[in-house]
Amino acid sequence: MTAATVSAPAAPATPARRLGPTAGLRHTGTLAWRSLVQIKHNPMELLDLSIQPVMFVLLFTYVFGGAISGSPGEYLTFALPGIIVQNAFFATMTTGFGLNQDLTKGVFDRLRSLPVARWSPLAGRIVADTVKQAWSLTLLLGVGMILGFRLGNGVFGLLGAFVLLLVFSLAAAWMSVLVGVLVSEPDKVQIFGFTVIFPLSFTSNAFVPTETMPSWLQHWVEVNPVTILANALRGLLVGGPVATPVLQSLLWAAVIAAVFAPLAVRGLRRRV
């Protein structure tokens, strides 16, 4: 008579530890700080966000100002909000550029092996680049005020311009994120910026009034998101209509985020 062998019950699998929102926010802050600290080792990143915008302000004000508005001072009042908008669009490309670098160098793979919220690496990158956006806006306004630009709506208008620009930049960054997860090299993100953002900004009223353009082009200029955001910043910083361009800018931001955020997240999941 053989004895029946009774096997011990298998130990239940240890469930994967789920990270709460608080831990995810903490990880996001840590990774955002990592992205900002990297500037010490790569100062050219900050110089790109500083030298190019200042160069645009000086060149447009003193080269084109007299021809377009009669004097550099008057042109600066008109063009500085538009230059700020153009710079904000270009600055969003750093999100896709840095994200692609992290993907190609295996940073995301290393983070996946750690107890880090899955959404924190991307959120940290976007938060860090939003801080850089605030730096660029502060720098441009500071240089503009040295050259003679004056605020027309005081501190509240300035704060409103900051909030609106950062909200729009957060939405527009999803376009850069999508490009960053689709292309194979970081340089291709910059190529996208030059081939899309340059025509978008120069077919707006960021630098010249709409009425000076051909009638067939004015129809596009009036609905161009760069034009609408530039008008909103002019209203907040200098004076003029505020409610309509601000609401239209927020609507554009919502549409951009609704279209590109799901596509970017899906592309990121497929890549990592």
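Quick note: structure is the one above.
Rules used in this analysis
Residues numbered from 1 in each chain as written. Predicted model: local features only at pLDDT ≥ 70, side-chain atom pairs only at ≥ 80, totals over all residues. Heavy atoms only, no water. Helix = DSSP H or I, 4+ residues; strand = E, 2+ residues; numbered from the N terminus. Buried < 20%, exposed > 50% of the residue type's maximum accessible area, 1.4 Å probe, protein only. Contact = heavy atoms within 4.5 Å. Areas by Shrake-Rupley, 256 points an atom, 1.4 Å probe, with all protein chains shown as cover. Lys, Arg positive; Asp, Glu negative; His and termini not counted. Charge placed at Lys NZ, Arg CZ, Asp CG, Glu CD. Phe/Tyr/Trp six-rings, centres within 6.5 Å; stacked < 30°, edge-to-face > 60°. Core = buried A, V, L, I, M, F, W, Y, C linked by side-chain atoms within 4.5 Å. Expected span 1.5 Å × (residues − 1). Salt bridge = Lys/Arg side-chain N within 4 Å of Asp/Glu carboxyl O. Axes fitted to C-alpha atoms, helices over the stretch in contact; angles between N-to-C directions. Parallel < 35°, antiparallel > 145°, perpendicular 65-115°, else oblique. Left-handed = near helix turned anticlockwise from the far one by under 90°. Nonpolar A, V, L, I, M, F, W, Y, C, P; charged D, E, K, R; others polar.

## Some remarks on the overall build of the protein
Working step 1: Secondary structure assignment for the protein yields 12 helices and 0 strands.
Working step 2: For the protein, the sequential pattern of α-helices and β-strands runs α-α-α-α-α-α-α-α-α-α-α-α.
Working step 3: Along the first, second and third principal axes, the C-alpha set of the protein runs to 110 × 40 × 35 Å.
Working step 4: Scored against the burial criterion, the 272 residues of the protein give a buried share of 46%.
Working step 5: Intrachain contacts of the protein at a sequence separation of at least 6 include 79% that bridge at least 24 residues.
Working step 6: With an accessible surface of roughly 14400 Å², the protein has 68% of that area assigned to carbon and sulfur atoms.
Working step 7: Across the protein, the mean location of the 18 positive side-chain charges is 16 Å away from that of the 10 negative side-chain charges.

## Points about the packing of aromatic side chains
Working step 1: A full pass over the atoms with the stated rule returns 11 aromatic pairs.
Working step 2: Measuring from ring centre to ring centre gives 5.6 Å for Phe194 and Phe198, while their planes differ by 20 degrees; the resulting arrangement is stacked. You can see Phe194 and its partner Phe198 sitting in helix α9 (residues 186-202), 4 residues apart, about one turn around the helix.
Working step 3: For Phe198, a relative accessible area of 22% gives the class partly exposed.
Working step 4: Following the ring pairs from residue to residue traces out a cluster consisting of Phe56, Phe60, Phe64, Phe90, Phe194, Phe198, Phe202 and Phe207.

## A closer look at the nonpolar core
Working step 1: Counting residues in each nonpolar core, the largest one holds 45 residues, and the members touching the most others are Ile84, Phe89 and Leu141.
Working step 2: At the level of secondary structure, the elements contributing two or more residues to this core comprise α3 (51-69), α4 (72-91), α7 (120-147), α8 (154-182), α9, α11 (225-237) and α12 (243-271).
Working step 3: Among all residues touching Leu141, those that are not within four sequence positions of it are Leu80, Ile84, Phe149, Leu158, Phe162 and Leu237.
Working step 4: Residues Leu99, Leu122, Leu178 and Leu268 belong to the second largest nonpolar core, which totals 12 residues.

## Things to note about α9
Working step 1: Its 17 residues place the ends of α9 24 Å apart at the C-alpha level, agreeing with the 24 Å of an ideal helix rising 1.5 Å per residue.
Working step 2: Residues of α9 that are buried: Pro186, Val189, Gly193, Ile197, Leu200 and Ser201.
Working step 3: Those residues of α9 hidden inside the fold are in contact with α4, α5 (93-104), α8, α10 (215-223) and α11.

## Brief notes about the pattern of salt bridges
Working step 1: Under the criterion given, the structure shown has 3 salt bridges.
Working step 2: The salt bridge involving Arg34 is made with Asp102; its shortest N-O contact spans 3.3 Å. With Arg34 in helix α1 (residues 21-41) and Asp102 in helix α5, this residue pair connects regions lying 68 residues apart in the sequence.
Working step 3: Across the pair Lys132 and Asp129 runs a salt bridge whose closest N-O atoms are separated by 3.3 Å. Placement of both Lys132 and Asp129 in helix α7 is noted, with a separation of 3 residues, approximately one turn of the helix.
Working step 4: Look at Lys132 and you get buried, because its relative accessible area is 4%.

## Thoughts on the packing of α8 against α12
Working step 1: Their axes nearest at 7 Å, the elements α8 and α12 cross at an angle of 30 degrees. In terms of their interaxial angle, α8 and α12 are classed as roughly parallel. For α8 against α12, the interelement crossing comes out left-handed.
Working step 2: Of the residues that constitute the contact of α8 with α12, the class distribution is 23 nonpolar, 3 polar and 1 charged.

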